[in-house]
Amino acid sequence: MHQRSRSPKLLGAAIAAVLGLGLGVPPAAAGAARAADADPVPGLVAGSDTAAPQLVTGLAEPAAGGTPADAARAHLAAHRDRYRVDPAQLVETGTERAADGRRTVRFAQQHGGVPVFGAAYLVHLVGEGGGQRVESVGGKYFTGLTVPTVPGVPDEVLRRLALGAIEDPTAREGATVEDHGPVVLPGGAGRLARHFTVRGTDPAVWASTAREVFVDAATGQLALTYDVRAPYRAAAAAASAAPDGRAAAATAAVEPATGTAPDALGRSVPVNVGRLPDGSYQLTDLARPAAITTYDAAGREVLDFNGGLPADARPAASAGPDFPASTGTSGATDAHLNAAAVDDFYRTRLGRAGIDGDNGPITSVVNVTSFGEPLQNAYWDGRKMIYGGGTGTYRPFSVARDVAGHEMTHGVVEHTAQLVYLGQSGALDEAVADYFGNAIEVTSRGIPMTDPRAALLGEDLCRTGTPEACAVRRLDDGRTTVADFIGAPAGVDNGGVHLNSTIFSGALWDVRRALDPLTADRLVYRALAEYLTPLDDFVDARNAVLAAGRALGLDRAQLRAVAGAFDAHGIKSGWQRRIGVDSRSLLSELSTESIAPDAAAGRWVAATAGKGGRGSLGVYAGSVAGSAEPVRLSPDDGRSHGWPATDGTSAAWAAMGQGANGQWGMEVFARPLDGGAARSVHSAANQYLGDVRISGGDVAFLANDFSTGRTWPQLSRAGAPVTAVPLPEGHAAADLTLKDGLLAWTESWQVGERTVSAPTLYSIAEGRTLAQYPVPDATRVSGTRLAGGRLLWVETPTDPTRGSSIRSGAPDGSGAADVLSGSTTAPRRITALTATDRAVTFGYAGGRVSDTMKNTDLPKLWQLPLAGGTPERVSCNRGGQYAPVADRGTRVLWLDATAGRTDLVVRERPAGTC
Ligand SMILES: [Zn+2]
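Calculation notes
- Within every chain, residues take consecutive numbers counted from 1 along the sequence as written.
- Local features in a predicted model are, by the rule used here, given only for residues with pLDDT of at least 70; side-chain atom pairs are given and counted only at 80 or more, and totals for whole chains, interfaces and linings are based on all residues.
- Excluding hydrogens and water, the side-chain values take into account all heavy atoms of the structure.
- Coordinating N, O and S atoms are those within 2.8 Å of the metal (3.2 Å for Na, K and Ca), and as water is not part of the atoms, a site may appear to have fewer donors than expected.
- The rule is simple: four donors are tetrahedral if all their angles sit between 85 and 135 degrees, four are square planar and six octahedral if opposite donors span more than 155 degrees and the others lie between 65 and 115, and anything that fits none of that is irregular.
- Helix and strand definitions here come from DSSP, where helices need a minimum of 4 consecutive H or I residues and strands a minimum of 2 consecutive E residues; each element is numbered from the N-terminal end.
- Residue exposure (1.4 Å probe, protein chains only): buried if accessible area is under 20% of the type maximum, exposed if over 50%, otherwise partly exposed.
- The arc refers to the directions leading from the helix axis to the C-beta atoms.
- Two rings from Phe, Tyr or Trp (for Trp, the six-membered ring) form a pair when their centres are within 6.5 Å of each other. A pair whose planes differ by under 30 degrees is stacked, one over 60 is edge-to-face, and the rest are tilted.
- Only buried Ala, Val, Leu, Ile, Met, Phe, Trp, Tyr and Cys residues count toward a nonpolar core, and they belong to the same one when joined by side-chain atoms within 4.5 Å.
- Note on contacts: a residue pair qualifies if any of its non-hydrogen atoms lie within 4.5 Å across the two residues.
- Within 3.5 Å is the distance limit for a polar contact, defined as a pair of N or O atoms, with the added protein rule that one can donate a hydrogen and the other accept it, and that residues adjacent in sequence qualify only through two side-chain atoms.
- Residue-level confidence of the predictor is what pLDDT reports, using numbers from 0 through 100.
- Here, a salt bridge means any side-chain nitrogen of Lys or Arg that lies within 4 Å of a carboxyl oxygen of Asp or Glu.
- Pairing between two strands requires that DSSP report at least two bridges joining them.
- Note on terminology: disulfide denotes any pair of cysteine sulfur atoms within 2.5 Å.

Novice: So what about the coordination of the zinc ion? Which residues, and what values?
Specialist: Around the zinc ion, the protein contributes the donor atoms His406 (NE2), His410 (NE2), Glu430 (OE) and Glu430 (OE), at 2.1 to 2.6 Å from the metal centre. Classification of the site at the zinc ion as irregular follows from its four donor atoms and the range of 53 to 131 degrees in their angles at the metal. Along the chain, the residues donating to the zinc ion are arranged with the sequence spacing H-x3-H-x19-E. Remark: glutamate 430 occurs in helix α12 (residues 423-445) and histidine 406 occurs in helix α11 (residues 401-414); sequence separation between them is 24 residues.

Below, the structure is given as structure tokens:
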């Protein structure tokens, strides 16, 4: 349940920005909002980026006979003018039958036989036999898809490129790649991609290297990446483990029995157990339709249990029906009872047949360790519960019923709405898990909703301190979209899945307080099981809950109370526009990969997959004054064009994909900003070309050879073929910068065990290195930039108690001095640097990703005079600020994630203090 951190390297924001979904205001929504006075449930909500409606309610149309799926398909076919859905592209993925007889048919969309990522369309039927009627229809179906479904890049190349999603080179080594096949990413014409799950094997970072990776099948570009929800170990290690099906086999010869076991506090409690043929007992509860079995890992490594149960794993055992003390101290008894409490809640209160809806076995593993230490966490691994044992600080994690309920609810989500674990849909996954986690705890333990601790999550886990201090989240924190939405990029908490969840769960918890708890639980469950679809955002989910409320028979006053709870948390259409910003937007809703902008002399260049992240990646240019529409510079040749640079007159960039020779590779282009054709500067197979720079007639870039791993600068002068800038053997270059005949980079090499780095300056005319500035030991150099006739760079001590400094030096290597001294009182790491002749702008890395992270912890930009002075905030925008580029004077452009999407924005001068 605790979130895991990753370095916020990825630029951009929510999945909505990647796919171009959900952020536009549906045309019908404004009308629907006005109509809320009359009816809190919207009758029609238009879809975003599709002609198919997001929601149609209040129908009472006779449906054809036959199976619900047949009737649903016939209804969509008979009303193609209304839904714009092609029934031939629908695959039925399941029919949910509610206790009141209502049926929900769930269709997945395909495009040319390829699944469309996250696209699900649902039809709700009431009445039986000849009286069968369609009551409502909704979900996401994308009508604009035209992308060809034949991949351009061979699968094996895509597979190799998918490994690039793991940034840590140690973790990438030995990583495994699971291939899920082709998928169409929706948005505009769509984008053909191949979906991989990449899992790293580096023990030091095991929890943060499992990623869902979508690689553009036409170009090889990483189109979409995000962390999987649960930590998984590599498939190679999992191969030795038996599949979880063994959990069912383990109970085959076991007789139901009752016994006692001590809980984690040492109290003896009655438990349902299983009696084995040899007369011994194990923690298997056979008294319910879904068998519950609890394993004691006895301190074994958690990695042994990811992907399956080890062949020699056994359920917690006892010679007689009264279980020994270790059953309590390990947390096994509490896990066993909490699994039963969760199953009871879903079964008796909501009519659900277990976690998977099909009475599949419910398995828990307690007392696991992580690299020798008790795992301080609990999670649903996709098939079973995993709990860490106790420490001096924490009780065994199975003690907390709300945590058990939260994690097992993730299992329910996987078998119902299948919410995508990124951005707002990921925050909905967390919100629903928190809601039911707490609902299960307070219901089964008889805690009233008025108890101030009812809204706390995980409050029982600490051995010392108050429950309020121990709780990881609270559903009564009162947060709203407009005031509190955290503008986290995809690399921070998967775009805020935990950080923004209480905005929505808070609204649901208010509903539970306003209605009676049983009605609220049925309402939220019905929305989850019958209305939500994988890519839904907060406003979609609001509408889903209201539609579920009408289906459940809530009266007008109750529906108003539900709508009021969402209103109170700012969950209504257009909320993003109400977040205040002090910057001017130049380009909105950029896609999230390879899009860092550049600017010079009042002109900017940036890469985006079309407006709203649609289509393949292309390079665009515009004027900072915003006097004309941005123009596309890159040819539309089926490749991804990104990584752009400009000197104010011309632009250069790199393209990735299949060249004219049919081979996958990269190519660098250059082109005047005002007219003229793009010309090829250089192309290469089996090399990664990046850090493209342009100045006057010169173009420079870094080449990285796949086979040798070497990285070196390449240079083209005045249209001439490129030449390599030679580096000493074993040296590598990064952070290339080019200006007025000078080229500079950060050069690094090994001295024994140490990596040494130094800012390096090179004269193009003289063809030689002018200077390599000495830096102190245990200091990392980054961000080399040329400005004001000097070289600037960042020095960051490896000692985390000392902050970064900004230094500059004269071209002859003399006069190196601080522009900004490293702080020892508030040490922060500078991750971005840009400069003009007048001003230096830099960005700090944000605070550590944590459960209590705020907007103030996300990266922000600061500026000071080139001659030195006191830094001022560039902008008071509250979300993450990334990839700054100085234009001229004090003017800065950057990527801003404040509103949960990525915009290219500008300010003329610093805002000062915020
Ligand atoms: Zn969770």
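Novice: Lay out helix α5 (residues 155-162) with the relevant residues and their values.
Specialist: Buried within α5 we find Val157, Leu158, Leu161 and Ala162. All buried residues of α5 project into a common sector of 145 degrees when viewed along the axis, lining one side.

Novice: Describe the packing of aromatic side chains, listing the residues and the values that go with them.
Specialist: In this structure the tally under the stated criterion is 20 aromatic pairs. Each ring, one from phenylalanine 345 and one from tyrosine 346, has its centre 5.9 Å from the other, and the planes form 85 degrees; the classification is edge-to-face. This pair shows no difference in class: phenylalanine 345 is buried, exactly as tyrosine 346 is. Between tyrosine 773 and tryptophan 793 the ring centres are 4.8 Å apart and the planes differ by 35 degrees, which places this aromatic pair in the tilted class. Placement of tyrosine 773 in the loop between β40 (768-772) and β41 (779-787) and of tryptophan 793 in strand β42 (residues 790-797) is noted, with a sequence separation of 20 residues between them. This pair shows no difference in class: tyrosine 773 is buried, exactly as tryptophan 793 is.

Novice: How would you sum up the nonpolar core? Please name residues and give values.
Specialist: Counting residues in hydrophobic clusters, the biggest one holds 90 residues, and the most contacted among them are Tyr387, Met408, Phe436, Phe504 and Val562. Apart from residues no more than four positions distant in its own chain, phenylalanine 504 is found in contact with Leu428, Ala431, Phe538, Ala541, Arg542, Phe566 and Ile571. Counting 65 residues, the second largest nonpolar core, distinct from the first, contains Val114, Phe117, Ala490 and Trp664.

Novice: How would you summarise the side chain of arginine 211 if you had to cite specific residues and measurements?
Specialist: You can see arginine 211 is positioned in strand β10 (residues 211-216). In this structure the side chain of arginine 211 is engaged in a polar contact, spanning 3.4 Å, whose partner is the side chain of threonine 225.

Novice: How would you explain the confidence of the model for the chain if you had to name every residue and give the values?
Specialist: When pLDDT drops low, the exact placement of atoms in the prediction is not to be read closely. The predicted model of the chain has a mean per-residue pLDDT of 87, with 90% of residues at 70 or higher. Averaged over each element, pLDDT in the chain is lowest for helix α7 (residues 235-238) (30) and highest for helix α16 (residues 501-514) (98). The low-confidence segment residues 204-208 (pLDDT under 50) makes 14 contacts with residues lying over four places distant or belonging to another chain. Predicted confidence is poor over residues 230-248, with pLDDT under 50, and the contacts of this stretch with residues over four places away or in other chains come to 49 contacts.

Novice: Describe the pattern of salt bridges, listing the residues and the values that go with them.
Specialist: When charged atoms on two side chains of opposite charge get close, those side chains can pair. Taken as a whole and assessed by the stated rule, the structure comprises 45 salt bridges. Residues arginine 542 and aspartate 567 are paired through a salt bridge, measuring 2.7 Å at the closest nitrogen-oxygen approach. Placement of the pair is arginine 542 in helix α18 (residues 538-551) and aspartate 567 in helix α19 (residues 556-568), with a sequence separation of 25 residues. What makes arginine 542 buried here is its relative accessible area of 10%. Taken together, the shared-partner salt bridges in this structure form one network comprising Asp100, Arg102, Glu135, Arg526 and Glu530.

Novice: Describe the pairing of strand β39 (residues 754-763), with residues and values.
Specialist: For β39, the buried fraction is high: eight of the 10 residues fall into the buried class. Summarising the sheet, strand β38 (residues 742-751) and β39 pair through 10 bridges and their orientation is antiparallel. Within the sheet, the bridge partner assigned to threonine 746 lies in β39 and is proline 759. Between the antiparallel neighbours β38 and β39 lie two residues, among them glycine 752 with a positive phi of about 65 degrees.

Novice: Could you give me a rundown of unusual backbone geometry, with the residues and numbers involved?
Specialist: If you check the backbone angles, arginine 84 has positive phi at about 60 degrees while not being a glycine. Structurally, the position occupied by arginine 84 is in the loop between α4 (80-83) and β4 (90-97). Positive phi, normally seen in glycine, also occurs at aspartate 691, with a value near 50 degrees. Assignment of secondary structure puts aspartate 691 in strand β33 (residues 687-695).

Novice: An account of the pairing of β42 is needed here, citing residue identities and associated values.
Specialist: Across the eight residues of β42, seven count as buried, placing the element largely inside the fold. Adjacent in sequence and paired antiparallel, β41 and β42 are bridged by two residues, among which glycine 788 carries a positive phi angle near 60 degrees. Direction of pairing for β42 relative to strand β43 (residues 805-809): antiparallel, over a ladder of five bridges. Among the inter-strand pairings, glutamate 795 is bridged to a residue of β43, identified as serine 805.

Novice: Describe the environment of histidine 410, with residues and values.
Specialist: Tracing the sequence through the fold places histidine 410 in helix α11. Exposure remark for histidine 410: the relative accessible area of 2% places this residue in the buried category. When the C-alpha positions of histidine 410 and tyrosine 379 are compared, they lie 9.1 Å apart, and in sequence the two are 31 residues distant. Leave out the neighbours within four places in its chain, and histidine 410 touches Arg229, Trp380, Asp429, Glu430 and Ala433. For histidine 410, the side chain forms a polar contact with the side chain of aspartate 429, separated by 2.8 Å.

Novice: Summarise the environment of isoleucine 166; cite the residues concerned and give the values.
Specialist: Checked against the element boundaries, isoleucine 166 lands in the loop between α5 and α6 (169-172). According to the relative accessible area criterion, isoleucine 166 is buried, its value standing at 3%. A sequence separation of 47 residues divides isoleucine 166 from valine 213, and the C-alpha atoms of the two residues are 9.5 Å apart.

Novice: Help me get a handle on the state of the cysteines, residues and values and all.
Specialist: Tallied over the entire structure, the rule returns two disulfides. Each sulfur of the disulfide joining cysteine 462 and cysteine 470 lies 2.0 Å from the other. Its torsion about the S-S bond being 90 degrees, the disulfide of cysteine 462 and cysteine 470 is classed as right-handed. There is no split in this pair, since cysteine 462 and cysteine 470 are both buried. Each disulfide pairs two cysteine sulfurs, and for cysteine 876 the partner residue is cysteine 914, the sulfurs being separated by 1.9 Å. Looking down the S-S bond of the cysteine 876 and cysteine 914 bridge, the torsion is -90 degrees, so its handedness is left-handed.

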